[in-house]
Amino acid sequence: MIDIKKLDQDLTELVKAKIALSKLTYADKDYDKIEEELHDMEDDFIENYGEYLEEALAEVHDEFCPDNDVLLPIAYLADEYIVDGDSIDVAPGHGVLVEADDFASAKVTLALAPQPTRIVLQAGNDHKEVVWRAK
């Protein structure tokens, strides 16, 4: 049984570490250390929640983008998030590109987001929906 609160806490920490790393340049003296910490966090995250999230992602893929392979859950971490107080959301157009039949003409992405833990589908600039929520 997955502890949903712990999942969300760990995902939030992972996303915040990814955001912190994205603000550094390769020349920054702390870059390598923070990058290594992020990789360790990703490994722990997969070990603790990989199976649970892969099942959720498989369901989402089956419904929205059956022609695409399910990747490791950390692949669905967006390159950019929008932090507004206590809420963290996926920036427009970020996440894993997928081919979704319902949105054939738009750029479609899937991404993991915390607070609460969820999978967000975005199609173009005008469609965004939560397609799965941890429970």
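Note that the structure is predicted; figures quoted are calculated from it, not measured. (Residues numbered from 1 in each chain as written. Predicted model: local features only at pLDDT ≥ 70, side-chain atom pairs only at ≥ 80, totals over all residues. Heavy atoms only, no water.)

Colleague: Now, about the environment of D44: what can you tell me, with residues and values included?
Modeller: Secondary-structure assignment places D44 in helix α2 (residues 31-64). On the basis of relative accessibility, which here comes to 45%, the residue D44 falls in the partly exposed class. Between the C-alpha atom of D44 and that of Q9, which follows or precedes it by 35 residues, the distance is 13 Å. (Helix = DSSP H or I, 4+ residues; strand = E, 2+ residues; numbered from the N terminus. Buried < 20%, exposed > 50% of the residue type's maximum accessible area, 1.4 Å probe, protein only.)

Colleague: Mind laying out the packing of helix α1 (residues 4-22) against α2, listing which residues take part and the relevant values?
Modeller: Packing of α1 against α2 brings their axes to within 10 Å, and their N-to-C directions diverge by 150 degrees. Compared by their axis directions, α1 and α2 come out roughly antiparallel. With respect to the hand of their crossing, α1 and α2 are arranged in left-handed fashion. Every residue of α2 that contacts α1 at I4, K6, L7, D10, L11, E13, L14, A17, K18 and L21 is listed here: Y31, I34, E35, L38, M41, E42, F45, Y49, Y52 and L53. Grouping the amino acids of the contact of α1 with α2 by side-chain chemistry returns 14 nonpolar, no polar and six charged. (Axes fitted to C-alpha atoms, helices over the stretch in contact; angles between N-to-C directions. Parallel < 35°, antiparallel > 145°, perpendicular 65-115°, else oblique. Left-handed = near helix turned anticlockwise from the far one by under 90°. Contact = heavy atoms within 4.5 Å. Nonpolar A, V, L, I, M, F, W, Y, C, P; charged D, E, K, R; others polar.)

Colleague: With reference to specific residues and values, describe a negative patch on the surface.
Modeller: Residues E51, E54, E55, E59, D62, E63, D67, E99, D101 and D102 make up a contiguous surface patch of negative charge. You can see E54 is positioned in helix α2. (Patch = residues over 30% accessible without salt bridge, like charges linked within 9 Å, V, L, I, M, F, W, Y side chains within 5 Å. Areas by Shrake-Rupley, 256 points an atom, 1.4 Å probe, with all protein chains shown as cover. Salt bridge = Lys/Arg side-chain N within 4 Å of Asp/Glu carboxyl O. Lys, Arg positive; Asp, Glu negative; His and termini not counted. Charge placed at Lys NZ, Arg CZ, Asp CG, Glu CD.)

Colleague: Break down the nonpolar core for me, citing the residues and quoting the values.
Modeller: By size, the foremost hydrophobic cluster in this structure holds 39 residues, and its most contacted members are Y81, L110 and I119. Taken together, the elements giving at least two residues each to this core come down to α1, α2, β2 (87-90), β3 (96-98), β4 (108-113), β5 (118-123) and β6 (127-133). No other element matches the nine residues that α2 contributes to this core. Discounting residues that sit within four places of it in the chain, L110 has contacts with V60, H61, C65, Y76, G95, V96, V98, I119, V120, L121 and V131. (Core = buried A, V, L, I, M, F, W, Y, C linked by side-chain atoms within 4.5 Å.)

Colleague: Let's hear about the pairing of β6: which residues, and what values?
Modeller: Here β5 pairs with β6 via six bridges, running antiparallel. Of the residues in β6, the one forming a bridge with Q122 is K128. Count of turn residues in the β5/β6 antiparallel hairpin: three residues, of which G124 carries a positive phi of about 60 degrees. (Pairing = 2+ DSSP bridges.)

Colleague: Got a sec to walk through the sheet that holds β6? Specific residues and values, please.
Modeller: Taken in spatial order, the four strands make up an open sheet running β3-β4-β5-β6, and their pairing is antiparallel. The open sheet has two edge strands, β3 and β6, and neither has a second partner. Each neighbouring strand pair of the sheet contributes to a mean axis angle of 30 degrees, computed without reference to strand direction. Sheet topology places β3 next to β4; three bridges connect them, and they run antiparallel. Of the residues in β4, the one forming a bridge with V98 is V108. Sheet strands touched by α2: β3, β4, β5 and β6. Its angle to β6, the strand with the most contacts, is close to 135 degrees.

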